[in-house]
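Close look at the chain arrangement
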Amino acid sequence: MGRPLLEQACAAATAAGDATWRANAVHGLALASAFWGEPAKALPLLEEALALHRKGVDPFGVPLALVQLATVHATLGDSDRAMAYAEECVELSEAASERWCAALARWVEALVQWQLGRGARARTYARDVLRLKEPFGDRMGMAMSVEMVAWAESDAGRYDDAARLLGRRPEPTPLRTAAGIARSAPGRRAARPHRRRLRA
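The rules behind the values
- Residues numbered from 1 in each chain as written.
- Predicted model: local features only at pLDDT ≥ 70, side-chain atom pairs only at ≥ 80, totals over all residues.
- Heavy atoms only, no water.
- Helix = DSSP H or I, 4+ residues; strand = E, 2+ residues; numbered from the N terminus.
- Buried < 20%, exposed > 50% of the residue type's maximum accessible area, 1.4 Å probe, protein only.
- Contact = heavy atoms within 4.5 Å.
- Salt bridge = Lys/Arg side-chain N within 4 Å of Asp/Glu carboxyl O.

Here we look at the environment of Cys-10
By the element assignment, Cys-10 lies in helix H1 (residues 2-16). Residue Cys-10 is classed as buried on the basis of its relative accessible area of 7%. In this structure, the C-alpha to C-alpha distance between Cys-10 and Ala-23, residues 13 residues apart in sequence, is 8.2 Å. If we ignore the near neighbours within four places in the chain, the residues touching Cys-10 are Arg-22, Ala-25, Val-26 and Leu-29.

What follows is the structure, given as structure tokens:
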């Protein structure tokens, strides 16, 4: 139901010659693909949305498209592009004193670094996310960042510290194995980490 309506919106926006309207409609189509587990389909739509947002008047269009492009590239294992899009988002957001998109982008950077086995860098980015999110009380985002730090601590063999961050006693096996997190070469990609939930 949603996709046909978004496609109608795209057609109407094109007919009206409204770049901002079409950018938002295409952006919506891209997110529909991403949420349905079709990142490869989402990618060209997000790229089109970004190009249109750059011509439009929505001040949040560009940073949102950038962070979502970073997320899709991270999902597809393209760490270089993921980091590039995320960093551009952070730069634009900081210039506008905007925190929400900047925090999302920093979390993607933390995820990419963790996927690459760079735990120290992942911790640094995740702690920056906590700094950005704390003023507006995004508890879910903060929990995801604490969890990211815990993954990095577990990778470094500090299982007690990781367990404490998650509010649990340590498991008899490494946390990433007990929690069902898998990595595969190349890039040691995470197996759907966004679907995991912080355990109380």
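A short note on unusual backbone geometry
The residue Ser-97 is not glycine, and still its phi comes out positive at about 55°. Mapped onto the elements, Ser-97 comes out in the loop between helix H5 (79-95) and helix H6 (100-115).

A short note on the environment of Val-72
Within the secondary structure layout, Val-72 lies in helix H4 (residues 61-75). Taking the relative accessible area as the measure of exposure, Val-72 reaches 6% and is therefore buried. For the pair Val-72 and Leu-43, spaced 29 residues apart in sequence, the C-alpha to C-alpha distance is 6.8 Å. In contact with Val-72, not counting residues within four places along its chain, are Pro-39, Ala-42, Leu-43 and Leu-46.

Quick look at the pattern of salt bridges
In total, this model carries eleven salt bridges according to the counting rule given. As a salt-bridge pair, Glu-87 and Arg-106 come within 3.2 Å of each other at their nearest N and O atoms. Of the two residues, Glu-87 is situated in helix H5 and Arg-106 in helix H6; the sequence distance between them amounts to 19 residues. In this structure, the salt-bridge partner of Asp-128 is Arg-131, at a minimum N-O distance of 2.6 Å. Of this pair, Asp-128 and Arg-131 both sit in helix H7 (residues 119-133), three residues apart, which is roughly one turn of that helix. We classify Arg-131 as partly exposed; its relative accessible area is 45%. Counted as one network, the salt bridges with shared partners bring together Glu-87, Arg-106, Glu-109, Asp-128 and Arg-131.

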